[in-house]
Every structure is written in structure tokens, then in C-alpha cells.
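Examination of the molecular architecture
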Amino acid sequence: MDQDLKTELSKHGIFATTFEELYNWGRKNSVWPLTFGLACCAIEMIATTMARYDLARFGAEVFRPSPRQADLMIVSGTVTKKMAPQVVRLYNQMPEPKYVIAMGACAISGGPFRDGYNVLKGIDRFIPVDVHIPGCPPRPEALIHAFMTLQDQISAQHLTGEARPRHLKQELPSEFPVPEFGEHGLEPSQNDDVFRNPLKVLQG
Amino acid sequence: MTLEEISSRLQASLPGCQAEMVVNGSPSGQNSLLIDRGHGLAAARVLRDEVGLDYCSNVTGVDWPEREKTDKIKTKQLVDGVEKEIEQTVKTTIPGYLEVVYHLFSISDNAGPVVIRMRTVNRTDDVALPSLTPVWRSAEFQEREVFDLYGIVFDGHPDLRRILMWEGFIDHPMRKDYVPPPDDDLEIAREP
């Protein structure tokens, strides 16, 4: 509907909207994160939820202790190879629609611990990440910005057509394979369906 | 009690026990005692009960790979009837070994640290050392960590399992020759 017409109608006390807008408006203002922290970034995440930064303004004040009730996974901190299967399993247990914010240098790439023998070099090797936040750790403002970015992404989604989100496409998976502990590292070391392997991207 | 006194105390209490001083040439000058592994447990009991070192604060491992040492030796030789000093370089190969280091304190005497070391025979098949957990309980988890990351097997440890890596992992990541799996770091592996 034309924006001018909407404004004109609202002057006459008529509220016009689409089902899509209403649906996305409801979804984006009640994104409940999973109570889940991995390292020092979790401290910043906790600070974000407290009174000074007050994530509750965005409808995300209830951190759910069960993945079954959560919509958003904030991967806040270093993901070790020993922890990675549990992170993927928690993600699998979340119902669709679900979103992931990779918070901090460690969660997006391994960060300062990248060369560590037990550090996963980015959680996007195993699960799809919607928003990456750089920083070590990112300030609460950065997490709020990531959250607003996610809200913008949600409100821009269409319910029909090719651009519809993953949870509305029947053929796309909502669970991802959990890596297993191997003799030298995780097996497989990444999920090729999710992770854009830079080697393959470079080779075309 | 100085390290020399502790060393002679050990040798007096335990006949045949070797307690060799390992000199640290750095500004800290923190020398340590190298104890032979056969007398490790008995020496630890002496250190705790007679010397009074009642607290083990830190256990760590060191990996010494096989290395070459070059020494320059000056010898006097007769060259054409004239005595000359000739420098010779002698290369000796020092076989590799694993080492475990304990930092001991005395809470009752407010003294320490006393650093003791033990060494394995090699880095491959003979890597057993006596566990000092029966003497200092605080060594339990740290010996497990040394076992996990360096591969030193502690005889007499009550619960020797990996502590940081998972069961089924076969490498020892803190060894000098550890190589991470090749598909681990794809961004670095790329060729121009």
C-alpha cells in the first residue's frame, strides 16, 4: 500500500496494514534470546540486559533458559572445539524461526585465540549466522546495534516469494549436523552447506 | 633452607637419590633441583615432611625436542713445529625428553618457591614419571593437564584422564612438533 495513502487514512482514524507487516512487527519486537554465555563477551551481554543499557527496550528482556522457548542465540565468546557440538545441538533444539548473533572476535573467527589447538575458528562453520559483531569484547552499544540490525532484517523479510526466510522454505533444513570428536579435531571440521569456504570462493 | 641444603638433605635421607642443581642463568636466577624419577615420590615425601614444603602451587610440563649443541673447544696443536691455538667446533646431539616442573611453597614457614623437576627418558615410548599427587593433592588436575597436553604418563595418579581435550583425541597439543589438522585453518592454507 502507498505510504501517503496510509498516512492520509490514519488522519481519519483508519489504520491500514498488511498481514506481513503485522507479522514481522510482532516477531521483531519479541525476539527472546537464549540464556547462554561462553566467555568474557557474555559479561558485556549481561551488561546490555541490565538497567543502564536495557535491552528490554527492544523486546528482548526475557532470556529463556530453555532452547525450546528461545528465538535468538547470542554466541558470546570463544567457542572451543570441545564446546562446539553442544552449541550446534542447542541451536538444533531451538524452534524456527531462529536467529544467531555471533558476538565478538572469537565467535566470528577465533579472534586472539585463533591459533589455539582447541579453538573453533568461527561458529559460522557449523551454523548460519545472521549478524556478526566485531570487537573484543564489543561494547553493549555494539550488541544493541546488532540487535537492531537483526530487527531490520526481520522486518524486511517477505512471507512469500523467493526471498522468504528460511523457516518458510520447506526444503531448507532447520537442524544442522552436530560435529563429532575425532582423533585430531572435529569431524567434519566445517559444514560446507553453511560455511563459505574461502578456498572454494577464491577458486570460483 | 637453600637449594644446596635441600639437595644434601635429600641425598642424606635417600641413599642413591640424585638431586642435581639446574642453574637458571637469567636475571631471576631461579635455580631448581632435578630429581631422578626413581626417587621422585620418596623425595617428595621428604620435601613435604622434613623440609616443610607443604603446598604445591603449580605443575607444568616442558617439551625438549632433540637438539644439537655446538661447542667451540680451543686446543693447542703443533703446526709446522710452532704451537698454535686451534678452535674446533664439536657438535653433540642431545636427545629429546619431556620434563615436569613443580613449584613448591611452605605455608607454615612462609618460604618458597622451591622448583623441582623430573625428566623422562625420551619423548616417544618411555614417558612415565611418578605422580606426586599422593603427596600434594593439589597436583591432581595439573598432572592431568600435563598428561593431556604433553603426554607424560604419571604412575600412581588416582584418575589419569584427559582434562582439556576430549577422550579419543590422540595428539598432545603443547609438544613442539604438534601440527594442527590441515583443514583447520582454511584461510591460511590458500595459495596465490
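The following refers to the structure shown. Think of each chain on its own: its residues are numbered from 1, step by step along the sequence as written. Here every chain gets a letter starting at A, and every ligand a number starting at 1, in the order they are written. Selection of residues for local features in this predicted model requires a pLDDT of at least 70, selection of side-chain atom pairs for listing and counting requires 80 or more, and totals for whole chains, interfaces and linings are taken over all residues. The side-chain figures draw on all heavy atoms in the structure; neither hydrogens nor water molecules are used.

**Quick word on the overall build of chain A**
Going by this rule: The way it works is that DSSP assigns letters per residue, a run of H or I at least four long becomes a helix, a run of E at least two long becomes a strand, and they are numbered from the N terminus. Only protein chains enter the accessibility calculation, which uses a 1.4 Å probe; a residue is then buried when its area is under 20% of its type maximum, exposed when over 50%, and partly exposed in between. It only takes one pair of heavy atoms within 4.5 Å for two residues to be counted as in contact. Using a 1.4 Å probe, the Shrake-Rupley method yields the accessible areas, and only the shown protein chains count as cover for residues. Under the counting rule used here, the positive set is Lys and Arg, the negative set is Asp and Glu, and His together with the chain ends is not counted. Charge placement uses NZ in Lys and CZ in Arg. For Asp and Glu, CG and CD serve respectively.
The number of helices and strands found in chain A is seven helices and five strands. Reading the helices (α) and strands (β) of chain A from amino to carboxyl end gives α-α-α-β-α-β-α-β-α-β-β-α. Per-residue burial over chain A gives 43% buried out of 204 residues. Put simply, of all contacts in chain A between residues at least 6 apart along the chain, 76% involve residues at least 24 apart. For chain A, the exposed area adds up to about 10,700 Å²; of that, 57% sits on carbon and sulfur atoms. Once the 21 positive and 23 negative side-chain charges of chain A are each reduced to a mean point, those two points are 4 Å apart.

**Thoughts on the overall build of chain B**
What counts is decided by this rule: The atom set for the radius of gyration is the C-alpha atoms, and the globule formula is 2.2 Å times the number of residues raised to the power 0.38.
Broken down by element type, chain B carries four helices and nine strands. Radius of gyration (C-alpha) of chain B: 21 Å, far over the 16 Å computed for a compact globule of 192 residues. The principal-axis extents of the C-alpha atoms in chain B amount to approximately 70 × 60 × 30 Å. When each of the 192 residues of chain B is scored for burial, the buried share is 39%. Considering only contacts within chain B whose residues lie at least 6 apart along the sequence, 56% involve residues at least 24 apart. Split by element, the accessible area of chain B, about 10,900 Å² in all, is 51% carbon and sulfur. Side chains of chain B give 21 positive and 33 negative charges; the mean places of these two sets differ by 3 Å.

**With respect to helix H3 (residues 40–49) of chain A**
Residue and element names in this part refer to chain A. Counted only if it meets this: The arc in question is traced by the directions running from the helix axis to the C-beta atoms.
Among the residues making up H3, those that are buried are Cys 41, Ala 42, Met 45 and Thr 48. Seen end-on, H3 carries its buried residues on one side only, within an arc spanning 110°. Exposed residues pointing more than 90 degrees away from the buried face of H3 are listed as Cys 40 and Ile 43. Here the buried face of H3 lies against strand S1 (72–76), strand S2 (99–103), helix H5 (104–109) and helix H6 (140–155).

**Observations concerning the nonpolar core**
Under the convention used in this document: For our purposes a nonpolar core is just a set of buried Ala, Val, Leu, Ile, Met, Phe, Trp, Tyr and Cys residues, chained together by side-chain atoms within 4.5 Å.
One finds Leu 10, Leu 47, Val 100, Tyr 102, Leu 104 and Ile 116 of chain B to be the most contacted residues of the largest nonpolar core, which totals 35 residues. Non-local contacts of Leu 47 of chain B, meaning those with residues more than four positions away in its chain, are made with Ile 6, Leu 10, Ile 35, Gly 52, Leu 53, Leu 104, Ile 116 and Trp 136 of chain B.

**Overview of the pattern of salt bridges**
Residue and element names in this part refer to chain A. To keep things clear, this is the line we draw: When a carboxyl oxygen of Asp or Glu lies within 4 Å of a side-chain nitrogen of Lys or Arg, that pair is called a salt bridge.
Using the criterion set out here, one finds 14 salt bridges over all chains in the structure. Two residues, Glu 21 and Lys 6, come together in a salt bridge whose shortest N-O distance is 3.0 Å. Here the residue Glu 21 occupies a position in helix H2 (residues 19–28), and Lys 6 occupies one in helix H1 (residues 3–11), the gap between them amounting to 15 residues. Of the charged contacts, one joins Arg 139 and Glu 141 as a salt bridge, the two residues approaching to 3.1 Å between their closest N and O atoms. Of the residues examined, Arg 139 reaches a relative accessible area of 48% and is grouped as partly exposed. Under the relative-accessibility criterion, Glu 141 is labelled partly exposed at 41%.

**Overview of the packing of aromatic side chains**
Inclusion rule: Two rings from Phe, Tyr or Trp (for Trp, the six-membered ring) form a pair when their centres sit within 6.5 Å of each other. Planes less than 30 degrees apart are called stacked, planes more than 60 degrees apart edge-to-face, and all others tilted. Two thresholds decide whether a charge sits over a ring: the Lys NZ or Arg CZ must be within 6 Å of the ring centre and within 35 degrees of the ring normal.
Tallied over the entire structure, the rule returns six aromatic pairs over all chains. Considering the side-chain rings of Phe 181 of chain A and Trp 166 of chain B, the 4.6 Å spacing of their centres and the 15° angle between planes classify their relative orientation as stacked. In this pair, Phe 181 of chain A is assigned in strand S4 (residues 180–181) and Trp 166 of chain B in the loop between strand S9 (153–155) and helix H4 (186–189), connecting two distinct chains. Feature note: the residues Phe 181 of chain A together with Trp 166 and Phe 169 of chain B constitute an aromatic cluster, connected by ring pairs. The positively charged end of Lys 98 of chain A is found above the aromatic ring belonging to Tyr 91 of chain A, 4.3 Å away from the centroid. Note that Arg 144 of chain B overlies the ring of Phe 141 of chain B, its terminal NZ or CZ placed 5.4 Å from the centroid.

**Here we look at the sheet that holds strand S7 (residues 111–119) of chain B**
Residue and element names in this part refer to chain B. Inclusion rule: Only strands that DSSP links by at least two bridges are regarded as paired with each other. To define axes, lines are fitted to C-alpha atoms, for helices over the stretch in contact only, and angles between the resulting N-to-C directions are given on a 0 to 180 degree scale.
Ordered by their spatial adjacency, five strands build an open sheet running S1-S2-S7-S6-S3, and the pairing between neighbours is mixed. Every interior strand has two partners, whereas the edge strands, strand S1 (19–22) and strand S3 (55–64), have only one. Each strand of the sheet is rotated relative to its neighbour by a mean of 30°, with strand direction disregarded. In the sheet, strand S2 (residues 32–35) pairs with S7 via three bridges, with the strands oriented parallel.

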